[in-house]
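Reading the structure
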2 protein chains.
Amino acid sequence: MKLHNYFRSSASFRVRIALELKGVTYEYLPVHLVKGEHKQEAYSAVSPSGLVPTLVTDEGERIGQSMAIIEYLDETHPQPPLLPRDPLGRARVRALAQLIACEIHPLNNLRVLKYLVRELKVPEEAKNGWYRHWVRDGLLAFERELAQLPRGTYCYGDTPTLADCCLVPQIFNAQRFKTDLSGLDRTMAAFDNCMKHPAFQKAQPSNCPDNEP
Amino acid sequence: MKLHNYFRSSASFRVRIALELKGVTYEYLPVHLVKGEHKQEAYSAVSPSGLVPTLVTDEGERIGQSMAIIEYLDETHPQPPLLPRDPLGRARVRALAQLIACEIHPLNNLRVLKYLVRELKVPEEAKNGWYRHWVRDGLLAFERELAQLPRGTYCYGDTPTLADCCLVPQIFNAQRFKTDLSGLDRTMAAFDNCMKHPAFQKAQPSNCPDNEP
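The sections below set out a description of the structure shown in this document. (Residues numbered from 1 in each chain as written. Chains lettered and ligands numbered in written order. Predicted model: local features only at pLDDT ≥ 70, side-chain atom pairs only at ≥ 80, totals over all residues. Heavy atoms only, no water.)

A look at the sheet that holds strand E4 (residues 62-64) of chain B
Residues and elements named next belong to chain B.
- Taking strand neighbours across the sheet as the criterion, the four strands line up as E2-E1-E3-E4 in an open arrangement whose pairing is mixed. At either end of the open sheet lies a strand with only one pairing partner, and these are strand E2 (27-30) and E4. Neighbour-to-neighbour, the strand axes of the sheet open up by a mean angle of 20°, direction not taken into account.
- Against the sheet, helix H3 (residues 66-76) engages strand E3 (54-56) and E4, with an angle of about 125° to E4. (Pairing = 2+ DSSP bridges. Helix = DSSP H or I, 4+ residues; strand = E, 2+ residues; numbered from the N terminus. Axes fitted to C-alpha atoms, helices over the stretch in contact; angles between N-to-C directions. Contact = heavy atoms within 4.5 Å.)

Structural data, given as structure tokens:
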């Protein structure tokens, strides 16, 4: 398999974690978002929507959207499972993942931050305030949802799931923007346990070939 | 089943469509977002994250996040299926759904628009420009992705899927904000076909008990 991705893209990071958890080897194809490589013609042929990550299967099929890719990997490489077996458990894990992927991350995308600054003339400090506001607000909601669930090593139970694949990159981003992470006990305990797992370690931005310190 | 929802919430609308497609009867429990009912204590007990929709199963389990709810309905009420049977087809449909649910809709949420106006002092016209920008930009990407797939009655094939459940509410929103919808031939053909289907008709905001014309 091949993965078109960018070291700092958190959607890319989610998929890298899933690939490591599944033990799937893949070719790393960097797309430099800050240089705008995702908008160039070469990449449009890979991803008509111009987004990273894109997974290319061994059959040459291209799949976009990180959660769709991870579910595909889970269906085609079932071990270890990244979703529980029961429909209610699956719904709980998907809802946690979507709380990050639909409520937090879209507001902090590079293109959104650029629009705030360039089109809406939002000052740098207010832009950073926007970033921290949505991350903290969203993670507090995530913490309240976790508090309803039985306590486990990870977000849901004692094995990593799709929810952990989404949580870890979001915490990396939060830390990079110096977001207040107090009062997130369950969330940060899950994060800390993830970071003790070699798959999460290996997938992190600093271990990517296109990493820029 | 019960559905806590709001007539104009497009995430709620997605789930109403799925329930109608499945032929599942449910109790409609309105949560008035503009009046802030989702932030009140009574609703926090239902949804710790304070978001609509929330599905309450016959066993009293609460599930949040529209795509997680629809996948749960699809797993527990398999007919008619809202996802293809093959992993690649499922990935295609999920990616289309997420292109709307993760790339377009989060930027146009009521709370985001409020933050732009109240915190960032963005003028009304620039706020509407923001709305239209992300909807149009996202739908053009959606159209380019559709163009890669075999043509069918709906977004993917000849039966409605999760992708159609997400598309239709987004088009309703786009029309309400007078977004330019030119050049979206495949997308609008799928939308038009959905609107000939009684499930989509029945689920629309104007048929909701809490509808305000």
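Here's the deal with the relation of the copies chain A and chain B
- Aligned on chain B, chain A shows an RMSD of 0.0 Å; the corresponding rotation is 180° and the shift along the axis is 0.0 Å. Expressed as a symmetry operation, the mapping of one chain copy onto the other fits a two-fold axis. Using C-alpha coordinates, one finds that chain A approaches the rotation axis most closely at A:Cys102, a distance of 2.4 Å.
- Interface overlap between copies is the fraction of interface residues in one copy that are interface residues in the other; for chain A against chain B it reaches 100%, indicating a shared surface. (Least-squares fit on C-alpha atoms with pLDDT ≥ 70 in both.)

Some words on the packing of helix H1 (residues 10-22) of chain B against helix H7 (residues 162-176) of chain B
Residue and element names in this part refer to chain B.
- Running from N to C, H1 and H7 cross one another at 135°; their axes reach a closest spacing of 8 Å. Considering the angle they form, H1 stands oblique to H7. Relative to H7, H1 is oriented so that their crossing is right-handed. Counted together, Ser-10, Phe-13, Arg-14, Ile-17, Ala-18 and Leu-21 of H1 and Cys-165, Cys-166, Val-168, Pro-169, Phe-172 and Asn-173 of H7 form the full contact between these two elements. (Parallel < 35°, antiparallel > 145°, perpendicular 65-115°, else oblique. Left-handed = near helix turned anticlockwise from the far one by under 90°.)

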